[in-house]
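# Overview (structure and organization)
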Amino acid sequence: MDLKEKLISSFFAFEEQIDLENDIHQLRNNAIKFFENKGFPTKKEEAWKYTSLKSILKDDYSIFPKKEETIEYRDIKKYCIHEIDTYQIVFVDGIYASHLSNTTHDKFDACLMSSALNNPKYKSIIDTYFNKIAPEESLTALNTAFSKEGAFIRVPKSVAAEKPVQILHFSTGNESALMLQPRNLIVVEENAQIQVIERHQSLTANAVLTNSVTEIFVEKNAMMDYYKIQNDKISSSLIDHTHVKQESNSHCSVHTFSLGGKLTRNNLNFYQHGEHINSVLNGVTILEGKQHVDHNTLVHHTQPNCESHQDYKGVFSDRSTGVFNGKVLVDKIAQKTDAFQSNNNILLDDKASINSKPQLEIFADDVKCSHGCTIGQLDQEALYYLRSRGIPLKEAKALMMFAFANKVLTGVKIPEIKNRITKQIALKIGVHLGFDL
Amino acid sequence: MAYTEEELEKDLQTKEYEYGFYTDIESDTFPVGLNEDIVRAISKKKEEPEWMTEWRLDAFKTWKTMQEPKWANVHYQKPDYQNISYYSAPNKKPKYESLDEVDPELLDTFKKLGISLDEQKKLAGVAMDVVVDSVSVATSFKSTLAEKGIIFCSISEAIQKHPELVKKYIGSVVPKSDNFFAALNSAVFSDGSFCYIPKGVRCPMELSTYFRINQAGTGQFERTLLVADKDSYVSYLEGCTAPMRDENQLHAAVVELIALDGAEIKYSTVQNWFPGDKEGKGGVYNFVTKRGICEKNAKISWTQVETGSAVTWKYPSCILKGDNSTGEFYSIALTNHFQQADTGTKMIHLGKNTKSTIISKGISAGKSQNSYRGLVQINSRADNARNFSQCDSLLMGNKCGAHTFPYIEAKNKTAQVEHEATTSKIGEDQIFYCNQRGIDEEKAIALIVNGFSKEVLNKLPMEFAVEAQKLLEISLEGSVG
């Protein structure tokens, strides 16, 4: 039985377990039908031209893992940003781990999707926001069909969250292969502010496939920073869909650090629904081995006077492959749009490859839209300069790679995350510079 | 009175095709429809040898199994391929030795277009292989070329006189099964040009062919094959204008360029097929496959000015097979009214130290859609490959669209690829600057558009640059001062 059949037949078992009275019930049924018709995307589809899911779909994934309670904080500590005080929503094998988590309902809500779906208190929010911006697409539909658990964050009007929220997904490897489908909803109301950190981490070498969907609503004058740290084991794959809808004068930035994993696909879509919106999409990708990362971004400018900035940097060694597929869409009323898109890549080995497709689709005339894409190597003269001053080759290369990624790292507002990323990069390159960058 | 941008926009919307007229020449036209018999009949009509007939039939078989491509960013009513006449030739035969013998009405047509043979001959020293509805009518300067050993003739003549060359190279760059339109062309191509430059010869003049669609309901299926032998050089010009017709006319040409070791080919096109009227009615469908292959140290340079056609689907490409070979692509695509253009290039780097440059300028006005679609592919053995791409779009009004779809694929660590694209409108401060210096709005826009396109216009041979500017002027009312 292939994965598609397995998922469809498990759906009915899944539906029986949960409350049939819920409004979401119909939504799930429609979604599974949609998925049944479409199936998994193939390379024939333009959006999946450079990424084949074949290699990760052949495992026999278990869809309903057992509850795992033996994981202790010390097992996961190193994967958390523990240096600073945060709220934590922790899932182990897709199931909420209360003993590891630290949720809140005080000033704002940082809790579970399952409780939000079932609690009448949140009904109006679920009705307004749930599954409203996730597009009809087979993998998103699949997630919707199985949507049950995930993080739910709601920051009410004029509240600035006093500390960031970490959403952490761990898999224990109790199952030989595990498929996870977390569903997150984040609502940042008017004048509110929050920072969120997300990480998916496998604790063993067993296969994990995560198909995650996150919907983010950033209302008027609100601010939101989202950090995705992807440094998973080589047996783990992640297909992430993040959809952001922004209202007037809001600011939202999403930083994606792809440093590991077998196959990572990031679908990141921004929909701007007001004026004077600023959207920032940053990414650093450093790959080795046979890893594959595919960044697929869309920024849809529907109103005048908005901005978007995309900056994706990639370094690829060994046999790794990178894909960047960025699209900027400017509607005809979206005059005075300022959209910038940049994708810079460094190839370190002959077997590594990069496919880049930065697209602009523009229907308004008074706009400033540009994109740039480069593929190159480390500058030999600059390397020579460093070496002539006594810096060994490896360190010189590392320094230059840091310089290359630095523009994106400067946008990180939580210093601890920045430190951690730089350390991870240093670890990857195998250098110790003896000082923090 | 100041000429404002709105007025210009209005003018652009109301501007009609200036070259729309129809020459009434008796034509020898086949019945509509396409089947094996028609393919055979075309081949017979051209008095082709057996292998050529087989080649066409083979292409036809492949074509029948193929689907019309849908990926391009254009929308149009699909032509009914069974409702087209696949052959039409001016009736007066045989070919003329001198211009006096040519149908005076036809000469008049060329006069209207401002490309009269005499004038061209005298002023530019251009050898003209004039193709009116698919058959060469007059060929000039043949003797000069013959002295150098250059073969420049219609492809049907080449099939008869130089079968070994045609057999060797036809379909070698664009295979019969390459795509839907190339397969169709391979099956039914009516005529076209053939050019062979022998080893070490520098072609003394710009070779030029004017294509014209003339017969109502006749698709034009041109086939151009250009072979530059080792260390030779040739510059080839191709230009088109078509009379105003109400129904859509199909144009599916194939151009193959072969640059052997050390050869250089410069291929320039000015395309001004009838774009349809301001309601978007009529107009030519231009589905062209153009591709060149570069051997060691060879160079192919494509320059195109695309102002016409209702729908353009065209990607002149370079396969940089040999080491140290170079590919270039310079393009201006201007769309107005309801025109749609999806054009760009492919640079396939296979050899070491290969270089490519892409400069694409898109200008959209009216309700048109203008897309750049390009591929830069660096294969794993293409060490030290270098590419620079620049795609700039200029939008006039907010009813049009500009799109950029660049595909960049690199599989070699020594590759250096740069791509940049910008989209903008004519800056108010730029116009203001001109106004301050006593240049009115209309002239200012002209200057700016001209400056925007300069990089590409400069690459055109002198004779063509003048015409290209004229075309931009016609397409953008009074914009060239």
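Residues numbered from 1 in each chain as written. Chains lettered and ligands numbered in written order. Predicted model: local features only at pLDDT ≥ 70, side-chain atom pairs only at ≥ 80, totals over all residues.

## Brief notes about the overall build of chain A
The number of helices and strands found in chain A is 10 helices and 20 strands. In terms of C-alpha radius of gyration, chain A reaches 21 Å, essentially the compact-globule figure of 22 Å for 437 residues. In terms of its C-alpha atoms, chain A occupies a principal-axis envelope of roughly 70 × 50 × 45 Å. Residues counted as buried form 50% of the 437 residues belonging to chain A. Restricting to contacts in chain A with at least 6 residues of sequence separation, those with at least 24 account for 83%. (Helix = DSSP H or I, 4+ residues; strand = E, 2+ residues; numbered from the N terminus. Rg over C-alpha atoms; globule rule 2.2 N^0.38 Å. Buried ≥ 20, exposed ≤ 12 C-beta atoms within 10 Å, placed from the backbone. Contact = placed C-beta atoms within 7 Å.)

## What about the overall build of chain B?
Along the backbone of chain B there are 12 helices and 24 strands. Of all 481 residues assigned to chain B, the portion counted as buried reaches 55%. Long-range contacts, defined here as pairs at least 24 residues apart, represent 84% of the contacts in chain B between residues at least 6 apart.

## A short note on the domain arrangement of chain B
All names here are of chain B. Looking at chain B, the domain boundaries give domain 1 (5–301) and domain 2 (330–351 + 360–425). Taken together, the contact pairs 11 residues of domain 1 with 13 residues of domain 2. For the side of domain 1 that touches domain 2, the per-class residue count stands at four nonpolar, five polar and two charged. (Domains from an automatic or database assignment. Nonpolar A, V, L, I, M, F, W, Y, C, P; charged D, E, K, R; others polar.)

## So, the confidence of the model for chain B
All names here are of chain B. Residues at a pLDDT of 70 or more form 75% of chain B, whose mean pLDDT is 78. Here helix α5 (residues 117–124) stands out as the element of chain B with the lowest mean pLDDT, 42, in contrast to strand β19 (residues 346–349), whose mean of 94 is the highest. Across residues 118–127 the pLDDT falls below 50, and counting only partners more than four positions away or on other chains, this stretch makes 18 contacts in the model. A low-confidence stretch, residues 211–218 (pLDDT under 50), is modelled with 34 contacts involving residues beyond four sequence positions or located in other chains. Predicted complex metrics record ipTM = 0.80 and pTM = 0.82. (pLDDT = per-residue confidence, 0-100.)

## As for the interface of chain A and chain B
Each partner contributes residues to the interface: chain A has 31 residues there, and chain B has 31 residues. The biggest single contributor to the side of chain A that touches chain B is strand β19 (residues 353–362) of chain A, with 10 residues.

## Here's the deal with the domain arrangement of chain A
Residue and element names in this part refer to chain A. Each domain of chain A was delimited in the assignment, giving domain 1 (3–273) and domain 2 (384–437). For domain 1 versus domain 2, the distance between C-alpha centres works out to 31 Å. Tallying the contact residues gives 13 residues for domain 1 and 10 residues for domain 2. Here the side of domain 1 that touches domain 2 takes three residues from strand β12 (residues 251–258), the largest share from any one element. Within the side of domain 1 that touches domain 2, the residues separate by chemical class into seven nonpolar, four polar and two charged.

## A word on the nonpolar core
The tendency in soluble globular proteins is for nonpolar side chains to be buried side by side. By size, the foremost hydrophobic cluster in this structure holds 204 residues, and its most contacted members are A:Val188, A:Val330, B:Ala228, B:Ala259 and B:Ile265. Filtering out sequence-adjacent residues up to four positions away, A:Val330 remains in contact with A:His301, A:Thr337, A:Ala339, A:Ile362, A:Phe363, A:Ala364, A:Val367 and A:Cys369. If you look at the next biggest cluster of nonpolar residues, it comprises 22 residues, including A:Leu3, A:Ala141, A:Met179 and A:Val208. (Core = buried A, V, L, I, M, F, W, Y, C linked by C-beta atoms within 7 Å.)

## A word on the environment of B:Lys314
Residue and element names in this part refer to chain B. With respect to the helices and strands, the residue Lys 314 is situated in strand β15 (residues 311–314). The buried category is assigned to Lys 314, around which 25 C-beta atoms lie within 10 Å. Every residue in contact with Lys 314, bar those within four places of it in the chain, is listed here: Asn 286, Val 288, Lys 290 and Thr 343.

## Looking at the packing of helix α2 (residues 24–38) of chain A against helix α7 (residues 138–145) of chain A
Residue and element names in this part refer to chain A. Interaxial distance between α2 and α7 falls to 8 Å at its minimum, and their mutual angle equals 145 degrees. The interaxial crossing formed by α2 with α7 has left-handed handedness. Residues Leu 27, Arg 28, Ala 31, Ile 32, Phe 34, Phe 35 and Lys 38 of α2 pack against Ser 138, Ala 141, Leu 142, Thr 144 and Ala 145 of α7. Split into classes, the residues belonging to the contact of α2 with α7 amount to eight nonpolar, two polar and two charged. (Axes fitted to C-alpha atoms, helices over the stretch in contact; angles between N-to-C directions. Left-handed = near helix turned anticlockwise from the far one by under 90°.)

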